[in-house]
Amino acid sequence: MSALAAARPLLREETITVGASIGVALSGGGVLVVDRAEPKYGAKPRAWCAQHARAANTDQCWRGVDRRAYVVETTLDRAVAKRWIAAAEAHGWTTMRHHRHPTRDVPVSLLDVGAAVFEFLERDVISAVAGVYGLDAKRLSLNDCFLVKYDRDHPGLETHVDGSEYSFSLPLNDGFSGGGTFFENLGSSVRPRVGEALVHPGDLRHGGAPVVHGVRYVLVGFLRYK
Ligand SMILES: O=C(O)CCC(=O)C(=O)O
Ligand SMILES: [Fe+2]
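Residues numbered from 1 in each chain as written. Chains lettered and ligands numbered in written order. Predicted model: local features only at pLDDT ≥ 70, side-chain atom pairs only at ≥ 80, totals over all residues. Heavy atoms only, no water.

**Considering the layout of surface pockets**
Alright, step 1. Put simply, the largest pocket is a space of about 430 Å³.
Alright, step 2. Lining the largest pocket we find 26 residues, and of these Leu157, His160, Asp162, His206 and Phe222 sit closest to its centre.
Alright, step 3. Examining the composition of the lining of the largest pocket, we find that 4 residues originate from one element, strand β15 (residues 216-225), more than from any other. (1 Å grid on protein atoms, 1.4 Å probe; cavity = no way out; pocket = protein on both sides within 12 Å on 5 of 7 lines; lining within 4 Å. Points joined across faces, edges and corners; volume = space filled by probe spheres on them. Helix = DSSP H or I, 4+ residues; strand = E, 2+ residues; numbered from the N terminus.)

This is the structure we're talking about:
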C-alpha cells in the first residue's frame, strides 16, 4: 500500500504539489509532505529542502539516506506550546528515566495538559508518521512521551539510537542558539520550527546538539509498530 493510501483515513483527499513531493492537507489543518523522490543523491528538489528542512544542511541532508528523517507540519501553535512548557515547569524534571542516555525530562502523562497533548499527537503526529513511512496508523502506539529541557546544565544528548520503531520530536520554543537534533548520517543538525515535527526511524543514529545560549524545550515520543 502506498504511503498516501495508508494515511488516507485521517486525510482530506487533496494533494498539493511541492516540487516533486506531495503535500496532503491533514484533516487537522496541517500539511503532510511526502517525499516521493528516490533516495539517491541529488534526487530531492531544492524547494522541498528549503521549505521543510531549512535549518539543516540542505545540500547534503535528506539525500542518499536509506531510512530518512522528515519534517512535517502540524497544527501546534506557540500559545499551546507555551502552556505545555509551563505545565512541565510547574511539575518539575527528572534525569532518572532514561538510564543509558539520560535527558532531563518529564512524562507527558504526569502533566495537567496530558490529555490534550495525546489528542494532538494522535491527530497530527502519529498520522503523519504513518503517512510518511507507509504504515497502518492503527498499529502505531505511543510507548513513551516526554518533554525535555536543555540548558547550560544539560546542554545536549550524546548520539544514540532509541528503543523505538519510530520517534518524533517537536520543538516547543525558540530563542536559543545551538541545539536541534543531530543526525550522524547527515553530519548536521535539524532545527524545525515550532509547529513542525521531526520524525525518524528510532534506529537512525541521532542526538541532541548542545544548546549554546538559552533554553530549548522539546516534546519527544517513541512509537511502537505492531
Ligand atoms: O533533543 C533532541 O532533539 C533529541 C532527543 C532524543 O533523541 C531523545 O530524547 O531520545
Ligand atoms: Fe533519541
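This is not the end of the story, as more comes after the structure.
**Digging into the pattern of salt bridges**
A side chain with one charge can pair with a side chain of the opposite charge if their charged atoms come near.
Alright, step 1. One pass over the structure, following the stated rule, counts 7 salt bridges.
Alright, step 2. Across the pair Arg78 and Asp174 runs a salt bridge, and its minimum N-O distance is 2.7 Å. With Arg78 in helix α3 (residues 78-91) and Asp174 in the loop between β8 (166-171) and β9 (177-178), this pair connects stretches of sequence that are 96 residues apart.
Alright, step 3. Arg78 gets classed as partly exposed once you look at its relative accessible area, which sits at 45%.
Alright, step 4. Arg205 is the partner of Glu184 in a salt bridge, and the nearest nitrogen-oxygen pair spans 3.0 Å. Here Glu184, found in the loop between β10 (181-183) and β11 (188-190), pairs with Arg205, found in the loop between β12 (196-201) and β13 (206-208); they are 21 residues apart in sequence, far enough to count as distant.
Alright, step 5. On the basis of relative accessible area, Glu184 is assigned to the partly exposed category, the value being 41%.
Alright, step 6. A relative accessible area of 36% means that Arg205 is categorised as partly exposed. (Salt bridge = Lys/Arg side-chain N within 4 Å of Asp/Glu carboxyl O. Buried < 20%, exposed > 50% of the residue type's maximum accessible area, 1.4 Å probe, protein only.)

**Points about the coordination of the iron ion (ligand 2)**
Alright, step 1. Of the protein atoms, only His160 (NE2), Asp162 (OD) and His206 (NE2) coordinate the iron ion (ligand 2), at distances of 2.1 to 2.2 Å.
Alright, step 2. Residue His206 is classed as buried on the basis of its relative accessible area of 6%. (Donors = N, O, S within 2.8 Å, 3.2 Å for Na, K, Ca; no water.)

**Observations concerning the environment of Lys226**
Alright, step 1. Within the secondary structure layout, Lys226 lies in the segment after β15.
Alright, step 2. In this structure Lys226 comes out as exposed when scored by relative accessible area, which is 65%.

**Observations concerning α3**
Side chains of residues three or four places apart in an α-helix project in the same direction, reflecting 3.6 residues per turn.
Alright, step 1. Taking 1.5 Å per residue, 14 residues should reach 20 Å; α3 reaches 20 Å between its end C-alpha atoms and fits that length.
Alright, step 2. Within α3, burial applies to Ala81, Trp84, Ile85, Ala87 and Ala88. Projected down its long axis, α3 shows its buried positions confined to an angular sector of 160 degrees, all on one face. Turned more than 90 degrees away from the buried face of α3 sit Lys82, Arg83 and Ala90, all of them exposed.
Alright, step 3. The inward-facing, buried residues of α3 contact β5 (105-107), α4 (114-133), β6 (140-150) and β15. (Expected span 1.5 Å × (residues − 1). Arc of directions from axis to C-beta. Contact = heavy atoms within 4.5 Å.)

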